[in-house]
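# Reading the structure
Here is what each chain is made of, one letter per residue.
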Amino acid sequence: MYKYLFGPVPSRRLGMSLGVDLVPRKVCSLDCVYCEVGKTTKLTTERKEYILFGKIQEELKHYFDHNPDPDYITFSGSGEPTLNIRLGDVLDFIKKIKPGIPVAVLTNGTLLSDKAVRKSLLKSDIVLPSLDAATEEGFIKINRPAQGIKIDAYIQGLVDFRNEYKGKIWLEILILPGYNDSEKELWELKKAILRIKPDRVQLNTLDRPGTISGIGKASIEQLEGIIDFWGLEAIEIIAKAPERKNNPAYRSDVETAILETIARRPCTLEDIQKITGIHVNEINKYLDTLETDGKVSPVELERGIFYQIKER
Ligand code: SF4
């Protein structure tokens with residue numbers, strides 16, 4: 001089993017995607033209230049070689065020698081990939097040995113205000129940054145940033161990146177009722193979108209309302225209302241979980257492993273990861289589908305959100 005690679009997982013946006021972790025779990029410049037991976041344990045803007053380039057190189061080489069090519073390679077994982085200072089080197093390495101596989105980078109975008117970060121991403125094929133608020137107040141409320149990150153510099157970093165980067169930019173905005181759906185916030189977000197000029201805007205909301213206590217998901221009608229309010233081109237609502245089952249990469253053995261684990265006793269996301277060894281991002285994707293199918297349900301206990309088999 002690999003330590004820094006996961007999947008390929010059936011990604012909603014990129015097909016069958018091999019994930020690469022460039023930082024350990026929850027090393028991030030944000031601590032978003034909705035984060036499905038849990039609370040940020042290291043809130044930082046410090047860039048360093050959190051996972052050694054040589055280790056990632058080794059695993060990628062092994063993977064390519066023993067597996068068919070995935071549709072995409074995605075730098076994502078459970079922390080902020082641009083915090084790894086060797087990100088550009090990993091990208092160069094992949095492009096050298098597998099030039100035909102497109103590389104996508106899922107990032108919170110906060111470090112794009114740094115010229116070196118923007119430069120390191122130039123060889124990627126698609127960058128999917130997120131932006132959930134465009135006022136300082138909204139940004140702090142929903143994304144709880146590391147010290148020193150300011151919304152104006154964050155947005156300006158995205159604008160600068162757009163001007164320097166030839167690949168595609170798909171901007172993801174996650175709508176959380178009560179956090180970033182006020183008229184003022186939506187208006188400021190519209191202004192930011194117009195400045196950033198992404199190729200697409202993807203509106204998202206919580207997949208699973210039970211992931212974090214006290215917050216809820218937006219309805220499709222609400223998301224459609226926001227699209228009407230903005231009146232902009234190229235905005236889409238990201239496809240919902242049930243579609244995933246039709247994805248050829250959906251693996252029933254992974255689904256069974258998760259179901260068997262929680263059938264023994266209710267588990268947190270972390271428990272499931274420890275027991276099955278499956279990456280949290282992958283577990284999350286399957287939990288989405290299982291919850292939509294009515295097979296599992298979340299329950300909030302003292303130690304966090306637990307998943308249990310749903311009684312019928
Ligand atoms: S940026 Fe991503 S990984 Fe970091 S806290 Fe937010 S949702 Fe979680």
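Up top is the structure.
Heads up: these notes are all about the structure in this document.

Rules and cut-offs
Residues numbered from 1 in each chain as written. Predicted model: local features only at pLDDT ≥ 70, side-chain atom pairs only at ≥ 80, totals over all residues. Helix = DSSP H or I, 4+ residues; strand = E, 2+ residues; numbered from the N terminus. Buried ≥ 20, exposed ≤ 12 C-beta atoms within 10 Å, placed from the backbone. Contact = placed C-beta atoms within 7 Å.

The helix and strand inventory of the chain stands at 10 helices and 12 strands. Considering only C-alpha atoms, the chain reaches an extent of 50 × 45 × 35 Å along its principal axes. Taken over 312 residues, the chain has a buried fraction of 43%. In the chain, the share of contacts with a sequence separation of at least 24, taken over all contacts with a separation of at least 6, comes to 72%.

That bond from G7 to P8 is cis: its omega, 5°, falls within 30 degrees of zero. Inspection of the secondary structure assignment puts P8 in strand 1 (residues 5–11). For K197, which is not glycine, the phi torsion reads 55° and is therefore positive. Note that K197 resides in the loop between helix 6 (183–196) and strand 9 (200–204). One non-glycine residue, A234, lies in the positive phi region at around 55°. Its location among the elements puts A234 in the loop between helix 7 (220–230) and strand 10 (235–237). The class for A234 is partly exposed, based on 13 C-beta atoms found within 10 Å.

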